Amino acid sequence: MRTCFNLCVTLDPEETTLARNQAARRRRVIDAALGLAADGGFDNVQMRDVANAAGVALGTVYRYFASKERLLLEAMAEQQEDLREYLVAHPAPGASAAERVINVLSRANTTLRKHPDITAAMVRAFGASREENRDLVLRVSDVMGSIITNAIGSHTARDRHVARILVQVWMSSLIGWVGGVDQAERVDDDVAIAAHLLLDERD
């Protein structure tokens, strides 16, 4: 007989299977949205088309994501969290904080430029977000902020403020690029200039 104390939890196999199935359906929905975005950006992501591509009912899509903006923001947050995890194992090189921050955001920008329509869809969702998506907007900003403070190499109040400003510069430049106002290279230039202005005196 198995003896359970306070920390012992018995999982119902049916509940575990249900959770796995729900996670798999949710994953298919996100992947379907990104596939549609890759073929036409933000406007090509329609919830009914997402449901068809994912092989689920439309109601299932709305159960997980109340709007396509929320769906794309979730995908954006996952992308940033993957980058953070990668950088833990592969820290950014650089003799100074500015160099490390520039390296990190350059890596992010290189990935984003490989999938311009997906990037445009996610950035438009970020820029058009409303109060109901505040949690995801903050999540994206917080993850990028932590990536930048890790690259800086410390977490003082000043460095956290600097990281927040750099996130704002980065996002603003991305909006300019996906909106057709600036070339993609402008994002790298803006980030590099801001990083040097804010961090060179620190080192």
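Whatever comes next refers back to the structure up there.
Note that the structure is a prediction, hence the values are computed from the model and not measured.

A. View of the overall build of the protein. When its secondary structure is counted, the protein shows nine helices and zero strands. When the helices and strands of the protein are listed from N to C terminus, the series reads α-α-α-α-α-α-α-α-α. Summarising its shape, the C-alpha atoms of the protein cover approximately 60 × 50 × 30 Å along the three principal directions. Going through the 203 residues of the protein one by one, you find that 42% of them count as buried. Taking the intrachain contacts of the protein between residues at least 6 apart in sequence as the baseline, contacts between residues at least 24 apart amount to 67%. Accessible surface, the protein as shown: approximately 11400 Å² in total, 52% of it carbon and sulfur. When the 24 basic and 28 acidic side-chain charges of the protein are each reduced to a single mean position, those positions are 4 Å apart.

B. Summary view of helix H5 (residues 97–114). An ideal rise of 1.5 Å per residue puts 26 Å on 18 residues; H5 measures up with 26 Å between its terminal C-alpha atoms. Listed as buried for H5 are Ala97, Ala98, Arg100, Val101, Ile102, Val104, Leu105, Ala108, Asn109 and Leu112.

C. The nonpolar core, seen in detail. Ranked by internal contacts, the top residues of the largest apolar core, which has 62 residues, are Val50, Val101 and Trp170. Here this core gets nine residues from one element, more than from any other, and that element is helix H7 (residues 134–152). Not counting chain neighbours up to four residues away, the residues in contact with Val101 comprise Ile148, Ala151, Ile152, Leu166, Ala195 and Leu199.

D. Fine view of the packing of helix H8 (residues 157–178) against helix H9 (residues 185–199). Running from amino to carboxyl end, H8 crosses H9 at an angle of 160°, the nearest separation of the two axes being 9 Å. As far as their axial angle goes, H9 and H8 are roughly antiparallel. As for the relative orientation of H8 and H9, their crossing is right-handed in sense. The segment H8 lies against H9, with Arg158, Val162, Ile165, Leu166, Val169, Trp170, Ser173, Leu174 and Trp177 engaging Val187, Asp190, Val191, Ala194, Ala195, Leu198 and Leu199. Grouping the amino acids of the contact of H8 with H9 by side-chain chemistry returns 13 nonpolar, one polar and two charged.

E. Up close: H7. The end-to-end C-alpha distance of H7, which contains 19 residues, comes to 26 Å, matching closely the 27 Å that a straight helix rising 1.5 Å per residue would cover. Phi for Gly153, located one or two positions after H7, is positive at around 105°.

F. Fine view of the packing of aromatic side chains. A full pass over the atoms with the stated rule returns one aromatic pair. The ring centre of Tyr64 lies 5.6 Å from the NZ or CZ of Arg63, which sits over that ring. In this arrangement the basic side chain of Lys68 is found over the ring face of Phe42, its NZ or CZ atom lying 4.0 Å from the centre.

G. Broad picture of the pattern of salt bridges. Tallied over the entire structure, the rule returns 12 salt bridges. Of the charged contacts in the structure, one is a salt bridge between Glu74 and Arg26, with a shortest N-O distance of 3.1 Å. With Glu74 in helix H4 (residues 68–89) and Arg26 in helix H1 (residues 13–38), the pair connects residues that are 48 residues apart, well separated along the chain. We classify Arg26 as partly exposed; its relative accessible area is 27%. Residue Glu81 is joined to Arg139 by a salt bridge in which the shortest nitrogen-to-oxygen separation is 2.9 Å. Pair noted here: Glu81 is in helix H4 and Arg139 is in helix H7, with a separation of 58 residues, a long-range link. Arg139 sits in the partly exposed class, given a relative accessible area of 25%. Here the salt bridges share partners, and the residues they tie into one network are Arg26, Arg27, Asp31, Glu74, Glu78, Glu81 and Arg139.

Parameters and conventions
Residues numbered from 1 in each chain as written. Predicted model: local features only at pLDDT ≥ 70, side-chain atom pairs only at ≥ 80, totals over all residues. Heavy atoms only, no water. Helix = DSSP H or I, 4+ residues; strand = E, 2+ residues; numbered from the N terminus. Buried < 20%, exposed > 50% of the residue type's maximum accessible area, 1.4 Å probe, protein only. Contact = heavy atoms within 4.5 Å. Areas by Shrake-Rupley, 256 points an atom, 1.4 Å probe, with all protein chains shown as cover. Lys, Arg positive; Asp, Glu negative; His and termini not counted. Charge placed at Lys NZ, Arg CZ, Asp CG, Glu CD. Expected span 1.5 Å × (residues − 1). Core = buried A, V, L, I, M, F, W, Y, C linked by side-chain atoms within 4.5 Å. Axes fitted to C-alpha atoms, helices over the stretch in contact; angles between N-to-C directions. Parallel < 35°, antiparallel > 145°, perpendicular 65-115°, else oblique. Left-handed = near helix turned anticlockwise from the far one by under 90°. Nonpolar A, V, L, I, M, F, W, Y, C, P; charged D, E, K, R; others polar. Phe/Tyr/Trp six-rings, centres within 6.5 Å; stacked < 30°, edge-to-face > 60°. Lys NZ or Arg CZ within 6 Å of the ring centre and 35° of its normal. Salt bridge = Lys/Arg side-chain N within 4 Å of Asp/Glu carboxyl O.

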